[in-house]
Amino acid sequence: MNALKTWAASNRPFLLFIGRFLITFFGLSFLYSLYLVYTERHGDLDLVTYWISRGSHEMARFLGVADCEWSCFIDGCYVGRPGRMVNILEGCNGLRLAIVYGAYVIGIGGWNWRSLFQMTVGLVVVQIFNIIRIGSLIALRDYGGDMYFYFIKYVFGVWIYVSIIVLWLFKPRIDRWLGAKN
Amino acid sequence: MFSALLTLALSATSQSMEGTFDETFQGMFEMPEQPIYIPEGVQGPLNPAVPLDGGLTALLLAGGAAGYRQYKKKKA
């Protein structure tokens, strides 16, 4: 018990980080869940999934998917060529991952303008990565073959998670760009 | 005599035919006892989902580890 107290006393900044990190994560997740309940009660699709699927549709068209169609329903959107579509659900929109990213930034930097700015930019960057991911998956599905399954199972999952960790590792450098002292 | 033999032979043939039919169609409309095999995973869904939230816990743990690393660096 004493050893734990000593450890806690010597690692107080880390414990504060964990506290801020978890409170921000659960707080933002709770707000997002409330929003999802609100949209469900109104019989709407959430706007994040809507915009992600719309962006993915544009990305797929940019990547050369001919006759790419896009249709949204209450439970999600269908994007792609008829017969080769992908289903973009709420769990595919990447916002929960972006919330984890934002929680880390707030956890490390605290509630200040630099952290809020980085969190906002990070949310947009993670969503752009996700649009590239889904757009490429639509293009791969249109292209055919087994590549699609390989990419969806391994490559793109790793791609988006690693991109978040790389953004975290860049945080001290971004802080310096924004004029932080250390 | 010939007609009696023919009648006997025909009745024997019809009995054996009935036996064969019975064997073939016996239990035709009964459900088999073992569960019916339904192939799964051979062909994926028509419009597959592209989920991302599977590794959320792993990412939270990675965040904790990255934060610990950052504080260790600051401390050193």
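This structure is a prediction, so every number in the text was calculated from the model and none was measured.

Reading guide: rules and limits
- Residues numbered from 1 in each chain as written.
- Chains lettered and ligands numbered in written order.
- Predicted model: local features only at pLDDT ≥ 70, side-chain atom pairs only at ≥ 80, totals over all residues.
- Pairing = 2+ DSSP bridges.
- Helix = DSSP H or I, 4+ residues; strand = E, 2+ residues; numbered from the N terminus.
- Axes fitted to C-alpha atoms, helices over the stretch in contact; angles between N-to-C directions.
- Contact = placed C-beta atoms within 7 Å.

S.K.: How should the sheet that holds strand E2 (residues 76-81) of chain A be read in this particular structure?
M.R.: Each strand in a sheet pairs with another by means of backbone hydrogen bonds, the pair being arranged parallel or else antiparallel. Residues and elements named next belong to chain A. Spatial ordering of the open sheet is given by E1-E2-E3, a layout of three strands whose pairing is antiparallel. Looking along the sheet, the strands with just one partner apiece sit at the ends: strand E1 (69-73) and strand E3 (84-88). Between one strand axis and the next, the sheet turns through 20° on average, direction left out of account. Relative to E2, E1 runs antiparallel, the two being bridged by five bridges. Bridge assignment links Phe 73 to a residue of E2, and that residue is Gly 76. In the packing of helix H5 (residues 113-143) onto the sheet, contacts are made with E2 and E3, and the angle to E3 comes to roughly 155°.

S.K.: Is there a simple way to explain the pairing of E2 of chain A in this structure?
M.R.: A regular strand places its side chains so that they alternate between the two faces of the sheet. Residue and element names in this part refer to chain A. From the end of E1 to the start of E2, which pair antiparallel, there are two residues. Pairing geometry for E2 and E3, over five bridges, is antiparallel. Across the sheet, Val 79 pairs through a bridge with Val 86, a residue of E3. With antiparallel pairing between neighbouring strands as the criterion, E2 and E3 make up a hairpin whose turn holds two residues, including Gly 83 at a positive phi of roughly 90°.

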